[in-house]
Amino acid sequence: MLDLKISEMIAMQRDLQEKNQGKWAPLSPKEGRSYLLWMLEEMGEAIAIIKKRGEGAIMDEPGVREAFVEELVDVMMYYIDLLACFEIDAHEFSQAFMKKYSKNMARDYAS
């Protein structure tokens, strides 16, 4: 079973960036806003599948599910690019994630 690490996804996205150097916007703080907007556009495409096809189709129809997962992958790829734009590495992200996770676990959310 394939289970990519954050560091592996970052490296893979850097490889894609290198392959498309000069064609794609560079991974820099100046371009971070654009990467965030492209990520949101991909989220919108995932939302459109939910709205048009519904949750049941995502769970029961392989073609719809594949399209939905592909949109989520696009979101993740832009998210990883956004991390790179601001030089957030896997270690820094993981530390922040664990800190936030611990904070949320300590909360008592009311119904």
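So, a few notes on the structure that sits alongside this text. In this text, all values refer to a predicted model and were calculated from it rather than measured experimentally.

Structurally, Glu-71 is set in helix H3 (residues 62-85). Separated by 33 residues in sequence, Glu-71 and Trp-38 place their C-alpha atoms 12 Å apart. Those residues in contact with Glu-71 that sit more than four places away from it in its chain are Glu-42, Glu-45, Ala-46 and Ile-49.

Within this structure, the stated rule accounts for 5 aromatic pairs. Between the aromatic rings of Tyr-35 and Tyr-78, the centroid separation amounts to 6.2 Å while the plane-to-plane angle is 50°, which identifies the pairing as tilted. With Tyr-35 in helix H2 (residues 29-60) and Tyr-78 in helix H3, the pair connects residues that are 43 residues apart, well separated along the chain. Under the relative-accessibility criterion, Tyr-35 is labelled buried at 2%. Ring geometry for Tyr-79 and Phe-93: centres 6.0 Å apart, planes at 75°, overall edge-to-face. Taken as a pair, Tyr-79 in helix H3 and Phe-93 in helix H4 (residues 90-106) lie far apart in primary sequence, 14 residues in all. A relative accessible area of 29% means that Tyr-79 is categorised as partly exposed. Through a chain of ring-to-ring contacts, three or more aromatic side chains come together here, namely Tyr-35, Trp-38 and Tyr-78.

Thresholds applied
Residues numbered from 1 in each chain as written. Predicted model: local features only at pLDDT ≥ 70, side-chain atom pairs only at ≥ 80, totals over all residues. Heavy atoms only, no water. Helix = DSSP H or I, 4+ residues; strand = E, 2+ residues; numbered from the N terminus. Contact = heavy atoms within 4.5 Å. Phe/Tyr/Trp six-rings, centres within 6.5 Å; stacked < 30°, edge-to-face > 60°. Buried < 20%, exposed > 50% of the residue type's maximum accessible area, 1.4 Å probe, protein only.

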